[in-house]
Amino acid sequence: MSRPTTLGALKREIAAGRVARRPVRSELRDNLLARLKAGGPIFPGVLGYDDTVVPQVVNALLARHHFILLGLRGQAKSRMLRALTTLLDDEIPVVPGSEINDDPVAPLSAFGRHRVAEAGDDLAIDWLPRDRRYVEKLATPDVTIADMIGDIDPIKAARAGLALGDELTMHYGLVPRANRGIFAINELPDLAGRIQVGLFNILQEGDVQIKGFPVRLPLDILLVFSANPEDYTARGKIITPLKDRIGSEIRTHYPSTLEEGVAITEQEAWTARTTDGGHSIEVPRYIREIVEEVAFQARKEPKVDKRSGVSQRLPISVLENVVSNAERRAVLHDEALAVPRVSDIYAALPAITGKLELEYEGELKGADKVAADIIRAAIGQIFDAHLGSVNFRQAIEWFDMGGSLQLDDTASAAVLLDQTRKVQGLTDAPEALGLPEDAPAPLIASALDFVLEGLHAHKRISRTEAGTYTAGEEPVRRGGKADKRRERKLADDDDDGFGGAGGGGGRYYN
C-alpha cells in the first residue's frame, strides 16, 4: 500500500482503518500481542532471559507501564531497551520540520499547529522510521533540566522578533524530542535528584513545563530506565517519589548455566575471522567452556567484589584474545589451521584483570595471581567434565620418574606433538575428546595441551611460568613409605580414572 503524502489523504486512510493512530504504549502493546501469537523470540539476540526477565518485561509492556531494569554491569540491560524498537510500527506520519514529531492530525507544538492551520489538508507529511523513535541518554551528574526538558532560546526569539514567553522560542530537550517514541535513561541513579524531580510530570500527567512559562505538552512517550543496584549508595540514588511512579522494577541476572554463557559469548565474540594468508580458525568446545567457566569462577571467588559483579564482557574479551594468540601462532609457523589451546587462556590475562574489582585480600595478592588462580580452577572444572573418567596414571608416573616437557604458547603443533610423543598415556586424550585419528595436527596439539593443563590444574603435575612441565607438588620417593602410599593411590586411580581429583565424567557441574 502506498503511503499517504498529504494530511487529507492521511485522514482518509485513518478513517478507513488502513493507517493505525494510537498512543505509543498502545502501539507497543498491540504489536507485542501480535508477536506473541505468531511465536518466535520477543527480543532477538537476548539470550538466557526467556524464563525470567523477558516475561516480566512483556507483562510491563502489556500493562503499558514505564519500567526500570536493575542489574549489575554486563547483563544486557541496554540491549533489551534498544530491542524495544522492534515492537514499534515501521513508520509513523509526522509534521515536516517538527522538533517533537508532531502528529499531523493533532499537533502539540505551536510550530505544528501553525503548519497545519496554514496548509490544512494540503499539508505535506513526512514518515518517521522506527529507529528514529528511540532516544537514549546516559545519566551523568552534569545533566541539566534544559538538556532533558528544554529551555528558552533567546537567539531564536531575537531573530523572529518574538517575546521570550512565546512558545515558538522554546528549545526542546531530549524528552520532548522523543515524543511518540521511547526515551531511555541509562544509569538513572547518576542523574541529579532535582533532574529526577523534573520527570515527575512526564510519568504521572504525561506533560512537560518549560522555564516556568505556561507551556503544557502532554507527551505521548514510554520512559524506560536502567540502573546498577550498587549505584544507589556508590554514586547516587533513585529518589523515592520517582521510584513510586515507575510502573515495574525488573531484575536482570548473569547466565545461570554454562551452556547459556557459551551461547552468549559465541554470539558476541569476534571469532569468525581469517587472516590475509588464508589461515582458518577452529575453536574447540572445551576452550569455549573453559573461557566461560572463568567468568563463573570469578563470580564466586571470595577475592572478587561481588557487589561490582563480573561482566559478561569478560568471557567475550577473553575468547577474542585467546583466538588472537592462536592466530598469531599459526601465522608464525605458517599453519593453515589456527586452533586455540588452553595455555592461550593465560595469555589472555589482560582481558581479565581489568574487569575484576578485587576485595582487600585480592588487592594484596595481586590481580594477575587472582586471575591465574581463577583460570586454573576453571580448567580443572572443565577437565573433569570431559576427561575425568580417562586414566592418566602412566602420564603422571612419567613425570614423577623425572620426565619434563618444555612447551610454551608459541610452540607449533608439530613441536608439541613431537615433544609429547615420549610421554606415555597421553595418546587416549584426542579420542576421548571425539577427535578422529586423521584430525589436523593443531587440533590434536590442542587436545594434548588440554590434558597437560588439566593435570596441572589438579596439581598432579607442575608447570613453571616458562612452560616447563615436571612432577607434581608431592614427588615420589622410590622404595620408601611414600612410594607405598603412592602405589595405593595409583591403584585407586584404576577405580575412578583420576584418583578422586574431580570424580568421573558424569560430574559435570551443569
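Treat the numbers as computed from the prediction; the structure is a model and nothing was measured.

> So, the sheet that holds strand 15 (residues 461-463): which residues are in play, and what are the values?
In space, the three strands of this open sheet follow the order 14-16-15, with antiparallel pairing throughout. The open sheet is flanked by strand 14 (405-406) and strand 15, the only strands paired with a single partner. With two bridges joining them, strand 14 and strand 16 (residues 468-471) adopt antiparallel strand pairing. Considered in strand 16, the bridge of Gln-406 is made with Thr-468. Packed on one face of the sheet, helix 20 (residues 393-400) meets strand 14, strand 15 and strand 16 and runs near 90 degrees to strand 16. Contacting strand 14, strand 15 and strand 16, helix 23 (residues 441-457) runs over the sheet at an angle of about 100 degrees to strand 15.

> Go over the nonpolar core with me, naming the residues and quoting the values.
Ranked by size, the top nonpolar core spans 68 residues in total, and within it Val-318, Leu-356 and Phe-450 carry the most contacts. Discounting chain neighbours no more than four positions away, the residues touching Leu-356 are Ala-298, Val-304, Val-310, Leu-314 and Ile-374. Val-135, Ile-152, Val-175 and Leu-199 belong to the second-largest nonpolar core, a separate cluster that totals 35 residues.

> Give me a negative patch on the surface: which residues, what numbers.
A contiguous patch of negative charge on the surface is contributed by Asp-428, Glu-431, Glu-437 and Asp-438. Looking at where Glu-437 falls in the secondary structure, it is placed in the loop between helix 22 (428-432) and helix 23. Take Glu-437: its relative accessible area is 83%, and that puts it in the exposed class.

> Can you tell me about the pattern of salt bridges, naming the residues and giving the values?
Counted under the stated rule, the structure contains 19 salt bridges. A salt bridge links Arg-79 to Glu-268; the nearest nitrogen and oxygen atoms lie 2.6 Å apart. Here the residue Arg-79 occupies a position in helix 4 (residues 77-83), and Glu-268 occupies one in helix 13 (residues 258-268), the gap between them amounting to 189 residues. Exposure remark for Glu-268: the relative accessible area of 29% places this residue in the partly exposed category.

> Outline the side chain of Asn-179, listing residues and values.
Within the element layout of this structure, Asn-179 appears in the loop between helix 8 (174-177) and strand 7 (181-186). Judged by its relative accessible area of 3%, Asn-179 is buried. Among the polar contacts made by the side chain of Asn-179, one reaches the main-chain amide nitrogen of Asp-220 at a distance of 2.9 Å. Apart from the residues within four sequence positions on either side, Asn-179 is in contact with Ile-100, Asn-101, Leu-108, Leu-219 and Asp-220.

> Break down the sheet that holds strand 10 (residues 221-227) for me, citing the residues and quoting the values.
The five strands are arranged 4-7-10-1-11 in an open sheet whose pairing can be described as parallel. Pairing within the sheet leaves two strands with one partner each, and these edge strands are strand 4 (134-138) and strand 11 (248-251). Strand-to-strand twist in this sheet, taken as the mean axis angle between neighbours without regard to direction, amounts to 20 degrees. Here five bridges tie strand 7 to strand 10, and the two strands are oriented parallel to one another. Its bridge partner being in strand 10, Ile-182 is matched across the sheet by Leu-222. Most of the contacts of helix 2 (residues 24-38) go to strand 10, to which it runs at about 75 degrees, and overall it touches strand 7 and strand 10. Contacts from helix 3 (residues 53-62) reach strand 1 (67-70), strand 10 and strand 11 within the one sheet, and its direction differs from that of strand 11 by about 170 degrees.

> I'd love a proper account of helix 2, names of residues and values included.
In a regular helix each residue adds 1.5 Å, so 15 residues correspond to 21 Å; helix 2 covers 21 Å between its end C-alpha atoms and thus fits that length. Within helix 2, burial applies to Val-24, Ser-26, Glu-27, Leu-28 and Leu-32. Where the residues of helix 2 are buried, they touch helix 3, strand 7 and strand 10. Phi turns positive, to about 85 degrees, at Gly-39, one or two residues after helix 2.

> Provide a residue-level description of the confidence of the model for the protein chain, including the pertinent values.
Of all residues in the protein chain, 89% attain a pLDDT of 70 or more, and the chain-wide mean is 87. The model gives residues 494-510 a pLDDT under 50, and that stretch makes 41 contacts with residues more than four places away or in other chains.

> I'd like a description of unusual backbone geometry, backed by residues and values.
Non-glycine residue Arg-180 carries a positive phi angle of around 70 degrees. Note that Arg-180 resides in the loop between helix 8 and strand 7.

> Any details on the layout of surface pockets? Residues and values, ideally.
The calculated volume of the largest pocket comes to roughly 740 Å³. Around the largest pocket sit 35 residues that line it, and Arg-73, Gly-74, Gln-75, Ala-76 and Arg-313 are the ones nearest its centre. Every element with two or more residues in the lining of the largest pocket is listed here: helix 4, helix 11 (231-234), helix 13 and helix 15 (313-333). The residue makeup of the lining of the largest pocket, split by class, is ten nonpolar, twelve polar and 13 charged. Here the second largest pocket is characterised by a volume of approximately 620 Å³. Elements represented by at least two residues in the lining of the second largest pocket include exactly helix 16 (343-346), helix 19 (367-387) and helix 23. Looking at which element gives the most residues to the lining of the second largest pocket, the answer is helix 19, with five residues.

Conventions and cut-offs
- Along every chain, residues carry numbers that run from 1 in the direction the sequence is written.
- Per-residue local features of the predicted model are confined to residues with pLDDT of at least 70, and side-chain atom pairs are confined, for both listing and counting, to 80 or more; whole-chain, interface and lining totals are unaffected and use all residues.
- Side-chain measures were taken over the full set of non-hydrogen atoms in the model, leaving aside hydrogen atoms and water.
- DSSP bridges decide pairing: two strands pair if at least two such bridges lie between them.
- Secondary structure elements follow DSSP: runs of H or I of four or more residues count as helices, runs of E of two or more count as strands, with numbering from the N terminus.
- Here a residue-residue contact requires only that any non-hydrogen atoms of the pair lie within 4.5 Å.
- Between N-to-C directions, angles cover 0 to 180 degrees, with each direction set by a line fitted to C-alpha atoms, over the stretch in contact for helices.
- As used in this record, nonpolar core signifies buried Ala, Val, Leu, Ile, Met, Phe, Trp, Tyr and Cys residues forming a set joined through side-chain atoms within 4.5 Å.
- Exposure categories follow from relative accessible area, calculated using a 1.4 Å probe and restricted to protein chains: below 20% of the type maximum is buried, above 50% is exposed, and the middle band is partly exposed.
- Distance thresholds for patches are 9 Å for like charges and 5 Å for nonpolar side chains (Val, Leu, Ile, Met, Phe, Trp, Tyr), applied to residues having over 30% relative accessible area and no salt bridge.
- Every accessible area reported is derived by Shrake-Rupley at a probe size of 1.4 Å, with residue values counting cover from the shown protein chains alone.
- The term salt bridge refers to a side-chain nitrogen of Lys or Arg lying within 4 Å of a carboxyl oxygen of Asp or Glu.
- In this count, Lys and Arg are taken as positive residues and Asp and Glu as negative ones, while His and the chain termini are left out.
- The atom standing in for a charge is NZ when the residue is Lys, CZ when it is Arg, CG when it is Asp and CD when it is Glu.
- Definition of a polar contact: a pair of N or O atoms within 3.5 Å, with one able to donate and the other able to accept a hydrogen when the atoms are protein atoms, and with sequence-neighbouring residues admitted only if both atoms are side-chain atoms.
- The span one expects for a helix is its residue count, reduced by one, times 1.5 Å.
- pLDDT measures the predictor's confidence residue by residue and takes values from 0 up to 100.
- Each cavity reported here is a set of points on a 1 Å grid over the protein atoms alone in which a 1.4 Å probe fits but cannot get out, each pocket an open set with protein on both sides within 12 Å along at least five of seven lines, and each lining residue one with an atom within 4 Å of a point.
- Grid points are joined across faces, edges and corners, and a volume is the space filled by probe spheres set on the points.
- Under the grouping applied here, Gly and all other residues not named as nonpolar or charged are polar, the nonpolar ones being Ala, Val, Leu, Ile, Met, Phe, Trp, Tyr, Cys and Pro and the charged ones Asp, Glu, Lys and Arg.

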